[in-house]
Amino acid sequence: MSSSVAVFLFLVLLVVALVLTYKPLGDYMARTFTSPRHLRAERAMYRLGGVNADNEQPWGTYLRSVLAFSAVSVLFLYLFLRIQHHLFLSLGFPNMKPDQSFNTAASFATNTNWQSYSGESAAGYLVQMAGLAVQNFVSAAVGISVAIALVRGFSRHKTDKLGNFWVDLTRTVVRILLPISIVFAIIFIAGGMVDNFHNFHTVTTLAGGKQAIPGGPVASQEVIKELGTNGGGFFNANSAHPFENPTNWTNWLEIYLLLAISFSLPRTFGKMVGDKRQGYAIVAVMALIASLSIGLIVTAQMTHHGTVPTAVGAATEGTETRFGVPQSAVFGSATTLTSTGAVDSFHDSYTSFGGMVEIVNMGLGEIAPGGTGSGLYGILVLAVITVFVAGLMIGRTPEYLGKKLGAREIKFASLYILTTPACVLIGTGIAMALPGERASMLNSGAHGLSEVLYAFMSASNNNGSAFAGISVNTTWWNTALGLAMLTARFLPMVFVLGLAGSLAKQSPVPESTGTLPTYRPQFAGMLTGVVLIVVGLTYLPALALGPLAEGLH
């Protein structure tokens, strides 16, 4: 079978699986967040934490709960890493130095899982299981909770209540992430993943959406890694390592898990706002952008010019031979579209244009389909901007899902789309202006700039992958990237929840003949244009100096 036919079948099966998952998983998640019933295990957790599960919160209280939980997560994990040498199951590893502990704590608490260290030589079993693996679940659950709060902002009227963060967080972990992780962990074990104490951390990272860090059964961590869109890795080879990804079909399954929850959340959105067509419009935009990304990156990797690529038929450097170039390119596209960060090939070895597509995937805000929760609330904010632009074009007050979009709502949305680019471009500019930090680049010229741009793009979009041709384990890099992760994760959440609170207080606006139908293909096309133009063009100068300049050299 030719590689072209193989990748075609690979993609067809992936699309079919995601289509079949969309309705049942999306409906299940909608029921999870609208059910008045609490499970016995959940009630026990609420009693332990002193939570009144039936007491809903206004957006300010919801936000303070998100920030308080995340701050405690960062502090706890930082302390864990600073004293790990004195803990049970430390394997004799020394305590992590302060700047690296800060970077790692910020990384895992923000669902980034960027690592400036090698997991097998720096983190003991207890830290991995009780610290890093736990964050793979709960940091992903925070993103879904914020997305659901925004959906409630659209669906509710004349109220200041957006739900209860502690209930949303608990239900996400107990009813969604844990069950899926357990089921697929068993499947991965059947597929050849090594199931032992050393390899446990791998699956927990998959469901959380990041790459694994074994510390118990590899299979269970691999699932949470992909599902929760987490990154990182116990082995430097990451998902190219046979312990984490032994066969072609486990590679396919990992890609499926990267995409499943995020592609199903638009269905949850449609169900909760009472119009399934709205969910179809959102998922159509996600699918269109994802298809463009996959097509471009596969083409760039398969048809790149040069003596060696031309001789062998593709850009094979840095790819795992058992997966081949097309599958590796699909994985690379999926991981950067979803804020996952797991890799089964070496991104620094990608062609200039292939690497550029990965950077653009993250630069678009990872909304196709994006991280668990963050992808949905990201594209809904862009939908608000799209409706506003359409309203300006026809001279009407913009309305979306029966809610007027006034100055307050547009300010929240505008601040949201400006935050991450500011973190990326300011961080990249400072790094390139400091001679000592430029010395960390292992490549000079345009490719060196691409490495720095990729690092800040990955950190600020909570992705976790890297070009890896850059030495980032220094005090400056650990601190700068850690600050970028925290700022670009939680500041946008402030604006999302502020927007949700503003929308929830409004009275419904009756639909009229002048109302923009936001479920039609025309709106989906306009939303795609806004994503590519308003967001994508922000990075055009940096891309022109980096991967574009390298590719055209």
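Residues numbered from 1 in each chain as written. Predicted model: local features only at pLDDT ≥ 70, side-chain atom pairs only at ≥ 80, totals over all residues. Heavy atoms only, no water.

Draft legend 1. View of the pattern of salt bridges. One pass over the structure, following the stated rule, counts 8 salt bridges. Ionic pairing is found between Asp27 and Arg267, a salt bridge with its closest N-O pair at 2.7 Å. Residue Asp27 is located in helix H1 (residues 3–34), and its partner Arg267 is located in helix H9 (residues 248–273); the two are separated by 240 residues in the primary sequence. Residue Arg152 pairs with Asp168 through a salt bridge whose shortest N-O separation is 2.8 Å. Remark: Asp168 occurs in helix H6 (residues 165–190) and Arg152 occurs in helix H5 (residues 125–155); sequence separation between them is 16 residues. (Salt bridge = Lys/Arg side-chain N within 4 Å of Asp/Glu carboxyl O. Helix = DSSP H or I, 4+ residues; strand = E, 2+ residues; numbered from the N terminus.)

Draft legend 2. Representation of the packing of aromatic side chains. Tallying each qualifying case throughout the model produces 17 aromatic pairs. An angle of 75° between the planes, with centres 5.7 Å apart, marks the rings of Tyr62 and Phe165 as edge-to-face. Remark: Phe165 occurs in helix H6 and Tyr62 occurs in helix H3 (residues 59–82); sequence separation between them is 103 residues. Across the pair, exposure class does not vary: Tyr62 and Phe165 are buried alike. Where Tyr377 meets Tyr416, the ring centres are 6.2 Å apart and the plane angle is 85°; that geometry is what we call edge-to-face. Pair noted here: Tyr377 is in helix H14 (residues 374–394) and Tyr416 is in helix H15 (residues 407–433), with a separation of 39 residues, a long-range link. The exposure classification of Tyr377 matches that of Tyr416, with both residues buried. Feature note: the residues Tyr62, Phe69, Phe165 and Trp166 constitute an aromatic cluster, connected by ring pairs. Over the face of the ring belonging to Tyr519 we find Arg277, whose NZ or CZ atom lies 3.7 Å from the ring centre. (Phe/Tyr/Trp six-rings, centres within 6.5 Å; stacked < 30°, edge-to-face > 60°. Buried < 20%, exposed > 50% of the residue type's maximum accessible area, 1.4 Å probe, protein only. Lys NZ or Arg CZ within 6 Å of the ring centre and 35° of its normal.)

Draft legend 3. Representation of H9. An ideal rise of 1.5 Å per residue puts 38 Å on 26 residues; H9 measures up with 39 Å between its terminal C-alpha atoms. In the structure, H9 departs most strongly from a straight axis at Ala260, where the bend amounts to approximately 35°. Most of H9 is tucked away, with 21 of its 26 residues classed as buried. (Expected span 1.5 Å × (residues − 1). Bend = angle between axes of the 7 residues up to and from the residue.)

Draft legend 4. How the structure looks around H5. If you check H5, its first and last C-alpha atoms are 44 Å apart, about what 31 residues at 1.5 Å a residue would give, namely 45 Å. Of all the bends found along H5, the most pronounced is centred on Gln135 and spans about 35°. Across the 31 residues of H5, 26 count as buried, placing the element largely inside the fold.

Draft legend 5. Up close: the packing of H14 against H15. The interhelical angle for the contact between H14 and H15, taken along N-to-C directions, is 125°, at an axis separation of 10 Å. If you check the angle between H14 and H15, you find them oblique. The hand of the H14/H15 crossing is left-handed. Mapping the contact onto sequence places Ser374, Tyr377, Gly378, Val381, Leu382, Val384, Ile385 and Phe388 in H14 and Ile410, Ala413, Ser414, Tyr416 and Ile417 in H15. Here the residues of the contact of H14 with H15 sort into 10 nonpolar, 3 polar and no charged. (Axes fitted to C-alpha atoms, helices over the stretch in contact; angles between N-to-C directions. Parallel < 35°, antiparallel > 145°, perpendicular 65-115°, else oblique. Left-handed = near helix turned anticlockwise from the far one by under 90°. Contact = heavy atoms within 4.5 Å. Nonpolar A, V, L, I, M, F, W, Y, C, P; charged D, E, K, R; others polar.)

Draft legend 6. Up close: unusual backbone geometry. In this structure, Pro369 follows Ala368 across a cis peptide bond, with omega equal to 5°. In this structure, Glu366 is a non-glycine residue whose phi angle is positive, near 50°. Mapping Glu366 onto the fold places it in the loop between helix H13 (352–363) and H14. A positive phi angle, close to 55°, is found at Asn462, a residue other than glycine. In this fold, Asn462 is placed in the loop between helix H17 (445–460) and helix H18 (475–504).

Draft legend 7. Broad picture of the packing of helix H4 (residues 98–109) against H5. Remark: H4 packs on H5, axes separated minimally by 8 Å, with the N-to-C direction vectors making an angle of 40°. Here Thr104, Phe108 and Ala109 of H4 lie close against H5, whose contacting residues are Leu132, Gln135, Asn136 and Ser139. A class-by-class count of the residues in the contact of H4 with H5 yields 3 nonpolar, 4 polar and no charged.

Draft legend 8. Up close: the side chain of Asn478. Positionally, Asn478 belongs in helix H18. What makes Asn478 buried here is its relative accessible area of 0%. Side-chain polar atoms of Asn478 contact the side chain of Asp99, separated by 2.6 Å. Within polar-contact distance, the side chain of Asn478 engages the side chain of Ser116 at 3.0 Å. (Polar contact = N/O pair within 3.5 Å; in protein donor to acceptor, adjacent residues only side chain to side chain.)

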